[in-house]
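Structure assessment
Here's the letter readout for the chains.
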Amino acid sequence: MKERIVSGMRPTGKLHLGHYLGVIQNWAELQHKYESFFFVADWHALTTKYDKTETLKQDTIDVVIDWLASGIDPNIATIYVQSLIPEIAELNIYLSMVTPQNWVERDPCLKDMVKIIHTKEGTNSQVSYGLLGYPVLMSTDIMMFNATGVPVGIDQVAHIEITRDITRRFNNIYKTDFFNEAKPILNHCSLICGLDGNKMGKSFQNDIKISDTEEVTAKRIMSAITDRSRMRKDDPGHPDECQVAFKYWEIFGDKSQVDTVRCECEKGLRGCADCKRQLGALINEKFAPIREKRRYYEAHPQEVEEIIREGSKKARTEAQKVLSQVREIIGMY
Ligand code: TRP
């Protein structure tokens, strides 16, 4: 029997190349090796955006469309929406009872989120009870399916530690070995920076979306920063100091392409504008099949809806099995 993994993403809307290279590509590989549950964490979105729900539904759909376009196969992996599994809310209650208050308060990921909220909205902005429960809810997501692995980025590892702590504590208190201690499966990926050299992010407006058109992509790539010391196009360039454009070549190009770019740049045979025009074309070529698939799903919303409903139904059946055992273990009526 295959081991089981669970992972989720908050519904941030259309995903960018950072999500693709850092997360989705991994999931698409892992789905063949593990029994996989991938979900949109819409309750987690509410922990900070409870008052900005106008786009929540569409954002959820957009995330799923990007997954499907990128090769997450609903016939292999189970794709679902967190809030369609009410069992998660019930398990969350049980787990919140056994989680000491100071465990959530010392969660470093949560501390970072609070810091961000305070810088964005002022130091007297409220941290809700729900946000404080973020790590417990995340533990619930994982334990709901009794997963043994959780594919995540390094930034989420502290959360998985708390999940392991809660698992041990539950097993201890109720004298059981029912829950597995889930391990993080670290994403092996190429970290892609944004067009300005900072972390790629929607809110920094330095991203390229999976869903962007070829024209938009080509135009956005032209704004990527290059070797700043280079004034004229026949000046010898320094690929290793070309913080964005050359890095992208290394991610998307094959070895001979990268070698050619390096060599021509260093000899002053390749201007930055031409170089980025070629780069844009290369990225467009790579994403053409994904974008085509994306357009298909966009044009068939019924099919996407069906996939979400079916996946959530399947996930719910599994969640119900776990929950009935948990109720029994605790001794509920
Ligand atoms: N916290 C994760 C993030 O921000 C999203 C998430 C919620 C998650 N629940 C999860 C990831 C369970 C893995 C497993 O990216």
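Residues numbered from 1 in each chain as written. Predicted model: local features only at pLDDT ≥ 70, side-chain atom pairs only at ≥ 80, totals over all residues. Heavy atoms only, no water.

1. Structural notes on the site of the ligand
The local shell around the ligand holds 13 residues, among which Arg10, Tyr134, Met138, Asp141 and Gln156 are the closest. The separation between a nitrogen atom of the ligand and a polar side-chain atom of Tyr134 is 2.7 Å. Within the side chain of Gln156, an N or O atom sits 2.9 Å from a nitrogen atom of the ligand. Protein coverage of the free-state accessible area of the ligand, which is 360 Å², stands at 91%. Counting only elements with at least two residues in the shell around the ligand, the list comes to strand S1 (4-9), helix H8 (134-143) and strand S4 (149-152). Ranked by the residues each element gives to the shell around the ligand, the list is headed by H8, at four residues. Split into classes, the residues belonging to the shell around the ligand amount to seven nonpolar, four polar and two charged. (Near = heavy atom within 4 Å. Polar contact = N/O pair within 3.5 Å; in protein donor to acceptor, adjacent residues only side chain to side chain. Areas by Shrake-Rupley, 256 points an atom, 1.4 Å probe, with all protein chains shown as cover. Helix = DSSP H or I, 4+ residues; strand = E, 2+ residues; numbered from the N terminus. Nonpolar A, V, L, I, M, F, W, Y, C, P; charged D, E, K, R; others polar.)

2. Remarks on empty space enclosed by the protein
Scanning all chains against the criterion turns up one cavity of 30 Å³ or more. In this structure, the largest cavity occupies an estimated 100 Å³ of space. What lines the largest cavity is a set of 13 residues, and nearest its centre among them are Arg230, Cys242, Cys265, Cys272 and Cys275. Of the residues forming the lining of the largest cavity, the biggest block, three residues, is contributed by helix H11 (residues 245-252). (1 Å grid on protein atoms, 1.4 Å probe; cavity = no way out; pocket = protein on both sides within 12 Å on 5 of 7 lines; lining within 4 Å. Points joined across faces, edges and corners; volume = space filled by probe spheres on them.)

3. As for the domain arrangement of the protein
Buried accessible area, meaning the area lost when the parts come together, often serves as the stated size of an interface. Entries for the protein in the domain assignment read domain 1 (4-192 + 301-330) and domain 2 (212-293). The straight-line distance from the C-alpha centre of domain 1 to that of domain 2 is 36 Å. Of the residues lining the interface, ten residues belong to domain 1; the matching set on domain 2 comes to seven residues. Summing the contributions of domain 1 and of domain 2, the shared interface buries around 690 Å²; its carbon and sulfur component is 81%. Ranking the residues of domain 1 by area buried against domain 2 places Leu17, Ala69 and Ile192 at the top, with a combined share of 59%. Our count for the contact surface shared by domain 1 and domain 2 stands at zero salt bridges. Taken together, the links from domain 1 to domain 2 amount to one residue pair in polar contact (both at pLDDT 80 or more). Elements supplying a minimum of two residues to the side of domain 1 that touches domain 2: helix H1 (17-30) and helix H3 (56-69). At three residues, the largest contribution of residues to the side of domain 1 that touches domain 2 is made by H1. Within the side of domain 1 that touches domain 2, the residues separate by chemical class into seven nonpolar, three polar and no charged. (Domains from an automatic or database assignment. Contact = heavy atoms within 4.5 Å. Buried area = accessible area lost by both parts, 1.4 Å probe. Salt bridge = Lys/Arg side-chain N within 4 Å of Asp/Glu carboxyl O.)

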